[in-house]
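# Coordinate inspection notes
Letter by letter, the chains look like this.
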Amino acid sequence: MRVACRLERPLPLDVDLQLDGFTVLLGASGSGKTSLLKAIAGLVAARTEPWSGAPPQRRPVGYLPQGYALFPHLRAWQNVAFALDGPHAEQRRRAGALLQRMGLSGLDQRHPRELSGGQQQRVALARALAREPQLLLLDEPTSALDAVTRDQLLAELIGLIRAAGVPALAATHDPHAAALADRVALLAGGRIVQQGPPAEVFTQPASFAAARLAGIRNLYTARVVAHEGGQVTLDCAGLRLRAAVPPWLGGSEEVGVAIRAEALALATGDGSNTFTARAVAVRAEGLLHRVTLDAGPVIEALLPAAVTAPQVGDGLSLTIAAAHVQLFELDIAADQPSAPAVASRSG
Amino acid sequence: MSAKRTIAALGLLATATLALPFAGLLWATPWLRLHYAAGDLGALWVSIGYTLLALVIVVALGTPLAWWLARHRFRGKWLVDALVLLPLLSPPLAMGLLLVISYGPYGWVGHPLQRAGLLLTNTPAAFVLAQVYASAPYYVVSARAAFEGVPRELEHIGLSLGRSPWRVFWRVTVPLSTLGLAAGVALAWVRALGEFGIVLIVAYFPQGIPVKLWVNLQEVGLDAVYPLLWTFFAVALPLPLVLGLASRRQAIY
């Protein structure tokens, strides 16, 4: 399903999306995700394709805003029945069946305030499905869920939506959520900067903006120094790295480089792409250590816990597979590597 | 004395001051000699009947206006705001004179209406007219605040569930603003029922409770006001008191 949308206010957006199953729209906060969803639902003035010019009540869209917006004065089943027509008993029965499909049997009579965040979300989903929409819109579906159960609840939610057979567009700033999706679209600067299956988008970001949204913190511009045998050698602010030659390289002299923190490993020998760096900051993350290093450029590595944890000031020998040094074309002037994280670390 | 106690003492003092006239009424009422003066009961029915009618008109006119002000932004909205507040800010006597100027037998609205058979001086219609002007702004201000208290998002969801704006208004907005709307009705009720200044000038007849109280005071003396005064409180206060207390404790949702 294709959805296009252009709006001027509250911020300019011009977006063309291909939806496939559960599609995640990844964008930083303030990038216009909520406005885009509202525009598609007809709640913000915009030109949209399909349903151009139709008022919200004539768009077959199910909208789940952040916080779900259940009607506080209605019971769970009455919330679901809001969109249903027909005799009272029939509405009651259909609402009950929808709640049961969402795994909410026995909660029909509860008011929203008597339900947990995850339960409220599923009541909102049942309510949205009741009007038999052609598209579901979800705004930050994980924001009101607690961290412990978030991934599980999201996976269940996606399962329910797939079972309902309705395409869904979920806006979020959380790259974790995107990993579960059928398709990912990255929104930055009012445009879709990249879209495709998550595996493709996360391993081959097309620009700094895309890489940043995909959660990659190590972003650099690098100079091509040598080019032979299917590999290029790059000078990345003093750090020499080798990477696979991308098909578009041609005669480019400068390229963008993205390195995932988890792609770096402690080196055991002197292979290629091995370098030493001094640890500047160390933070434990469960069984891993997030180590910020000065390797010429500042670089962040997510290392498995060793017998002894790395200390600030330690010199570490690190390595990275050439395949994990991701390159992309530098094209537009606006595309700068000045990710706030990189800038603040080097400053 | 601690600051907390000082504040409590000052609060009690202020409460006692405000309550003093009511305690005085309880004290001064000649309970054994209490009886209605001639025409008192008539005044009671005039007040209740016409105030109810005025309320219906106030709600019918005021609700769409309050909704418009709560939910729409437009150029010159400040002017509409000011016009709504004008009758509320005008001294009752002045408001009564204004009504006479426009709706009186020689007024630019009153004259044609009179030729059409609707006399707006000293008639039930004039009485209701005076009450509408006395109470409508209070209802509009309360109803507007009540509508503004309903999250827009809930109305948006109602629309996106395929319901018409009209149906969303009745099934989402009204239920969620009931308490505020009821408080507005109660306020309008007590203002309309108790209006003296405007009514005195526009409709000396038919006599409702306020004007009748004044007449009793003038013609007989203070003794003649007690029965009607108690009746007035019994009729006017329960609704706004209950709703006022309920909205103070508002935690329905």
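Treat the numbers as computed from the prediction; the structure is a model and nothing was measured.

This next bit is on the overall build of chain A. Within chain A one finds nine helices and 19 strands. If you line up chain A on its principal axes, its C-alpha atoms span 75 × 45 × 35 Å. Per-residue burial for chain A yields a buried fraction of 51% across its 347 residues. In chain A, once contacts between residues fewer than 6 apart in sequence are set aside, the share between residues at least 24 apart is 64%. Each charge class in chain A was averaged separately, 32 positive and 31 negative side chains, and the resulting centres sit 8 Å apart.

All names here are of chain A. Take Arg47: it is sitting in strand β4 (residues 47-49). In sequence terms Arg47 and Glu8 are 39 residues apart; their C-alpha atoms lie 9.5 Å from each other. Those residues in contact with Arg47, other than ones at most four positions away along the chain, are Ala4, Cys5 and Arg6.

A few words on the pairing of strand β18 (residues 315-319) of chain A. Working note: regular strand, side chains alternate between the two faces of the sheet. All names here are of chain A. Judged by which residues are buried, β18 turns out to be one-sided: Leu316 and Leu318 face inward and are buried, whereas Gly315, Ser317 and Thr319, on the alternate face, are not. Here strand β14 (residues 265-266) runs beside β18; their pairing, made up of two bridges, is antiparallel. Paired with Leu266 across the strands is Leu318, a residue of β18. Alignment of strand β15 (residues 274-285) against β18, held across five bridges, turns out to be antiparallel. Looking at the pairing, Phe275 lines up with Leu318 of β18.

Right, let's talk about the sheet that holds strand β1 (residues 2-7) of chain A for a bit. All names here are of chain A. The sheet built from three strands is open, its strands ordered β2-β1-β4 with antiparallel pairing. The open sheet has two free edges, formed respectively by β2 (13-18) and β4, since each of these has just one partner strand. Taken over all neighbouring pairs, the strand axes of this sheet differ in orientation by 5° on average, direction set aside. In the sheet, β1 pairs with β4 via three bridges, with the strands oriented antiparallel. Pairing of Ala4 across the sheet is with Glu49, part of β4. In this fold helix α1 (residues 33-41) packs onto β1, β2 and β4, with an angle of close to 110° to the strand it touches most, β1.

It is worth spelling out empty space enclosed by the protein at this point. Residues and elements named next belong to chain A. Counted by the stated rule, this structure contains two cavities of 30 Å³ or more. Put simply, the largest cavity is a space of about 40 Å³. If you list the elements that add at least two residues to the lining of the largest cavity, you get α4 (117-130) and α5 (147-164). Here the residues of the lining of the largest cavity are counted per class, giving two nonpolar, two polar and two charged.

Quick look at the packing of aromatic side chains now. Within the structure shown, the criterion is met by 16 aromatic pairs over all chains. With a centroid separation of 5.0 Å and 80° between ring planes, the pair formed by Tyr204 of chain B and Phe205 of chain B is classed as edge-to-face. For Phe205 of chain B, a relative accessible area of 46% gives the class partly exposed. Among the aromatic residues, ring-to-ring pairing joins Trp67, Phe147, Trp166, Phe169 and Trp170 of chain B into one connected group. The ring of Trp77 of chain A is capped by Arg92 of chain A, whose NZ or CZ atom sits 4.7 Å from the centre of that ring. Sitting above the plane of the Phe71 of chain A ring, Arg127 of chain A keeps its charged end 4.8 Å from the centroid.

Residues Leu17, Phe22, Leu25, Leu125, Leu136, Leu137 and Leu138 of chain A are the most contacted members of the largest nonpolar core, which totals 87 residues. Residue contributions to this core peak at seven residues, all from α4 of chain A. In this structure Leu125 of chain A touches Leu64, Met102, Leu136, Leu157, Leu160 and Ile161 of chain A, once residues within four positions along its chain are discounted. In terms of nonpolar packing, the next biggest core, distinct from the first, is built from 30 residues, Phe169, Leu181, Leu193 and Ile209 of chain B among them.

The next thing to look at is the pairing of β2 of chain A. Residues and elements named next belong to chain A. Only one face of β2 is buried, namely the one carrying Leu13, Val15 and Leu17, since none of Asp14, Asp16 and Gln18 on the opposite face is buried. In this structure, β1 lies alongside β2, joined through six bridges in antiparallel fashion. If you follow Val3 over to β2, its bridge partner there is Leu17. Connecting the antiparallel pair β1 and β2 is a turn made up of five residues.

Regions with low pLDDT carry predicted coordinates that are not meant to be interpreted in detail. Residues and elements named next belong to chain A. Considering every residue of chain A, the mean pLDDT works out to 86; 94% of them sit at 70 or more. No element of chain A has a lower mean pLDDT than helix α9 (residues 340-346), which averages 38, and none a higher one than helix α2 (residues 76-81), which averages 95. Confidence drops under a pLDDT of 50 for residues 338-347, and excluding neighbours within four residues, the segment shows 14 contacts in the predicted structure.

All names here are of chain A. Taken together, the six strands give an open sheet; going across it, the order is β5-β6-β7-β3-β8-β9, and neighbouring strands pair in mixed fashion. Each end of this open sheet is capped by a strand with a single partner; those strands are β5 (61-64) and β9 (191-196). Across this sheet, the average inter-strand angle for adjacent strands is 20°, counted without regard to direction. Looking at chain direction, β5 and strand β6 (residues 135-139) are connected through four bridges and run parallel. Its bridge partner being in β6, Val61 is matched across the sheet by Leu135. On the sheet, α5 packs against β3 (22-27), β6 and β7 (168-172) and is oriented at approximately 165° with respect to β6.

Summarising the element assignment, Thr231 of chain B is placed in helix α11 (residues 226-236). Aside from chain neighbours lying at most four places away, what touches Thr231 of chain B is Tyr36 and Leu44 of chain B.

A few words now on the interface of chain A and chain B. Tallying the contact residues gives 20 residues for chain A and 18 residues for chain B. Here chain A packs against chain B, burying approximately 1900 Å² in sum over the two surfaces, 66% of which is carbon and sulfur. In this assembly, chain A and chain B are joined by one salt bridge. A salt bridge links Asp85 of chain A to Arg163 of chain B, with the shortest nitrogen-to-oxygen separation between them at 3.0 Å. Summed over the shared surface of chain A and chain B, the number is five residue pairs in polar contact (both at pLDDT 80 or more). Secondary-structure elements contributing two or more residues to the side of chain A that touches chain B are β5 and α4 of chain A.

Thresholds applied
- Residues numbered from 1 in each chain as written.
- Chains lettered and ligands numbered in written order.
- Predicted model: local features only at pLDDT ≥ 70, side-chain atom pairs only at ≥ 80, totals over all residues.
- Heavy atoms only, no water.
- Helix = DSSP H or I, 4+ residues; strand = E, 2+ residues; numbered from the N terminus.
- Buried < 20%, exposed > 50% of the residue type's maximum accessible area, 1.4 Å probe, protein only.
- Contact = heavy atoms within 4.5 Å.
- Lys, Arg positive; Asp, Glu negative; His and termini not counted.
- Charge placed at Lys NZ, Arg CZ, Asp CG, Glu CD.
- Pairing = 2+ DSSP bridges.
- Axes fitted to C-alpha atoms, helices over the stretch in contact; angles between N-to-C directions.
- 1 Å grid on protein atoms, 1.4 Å probe; cavity = no way out; pocket = protein on both sides within 12 Å on 5 of 7 lines; lining within 4 Å.
- Points joined across faces, edges and corners; volume = space filled by probe spheres on them.
- Nonpolar A, V, L, I, M, F, W, Y, C, P; charged D, E, K, R; others polar.
- Phe/Tyr/Trp six-rings, centres within 6.5 Å; stacked < 30°, edge-to-face > 60°.
- Lys NZ or Arg CZ within 6 Å of the ring centre and 35° of its normal.
- Core = buried A, V, L, I, M, F, W, Y, C linked by side-chain atoms within 4.5 Å.
- pLDDT = per-residue confidence, 0-100.
- Buried area = accessible area lost by both parts, 1.4 Å probe.
- Salt bridge = Lys/Arg side-chain N within 4 Å of Asp/Glu carboxyl O.
- Polar contact = N/O pair within 3.5 Å; in protein donor to acceptor, adjacent residues only side chain to side chain.

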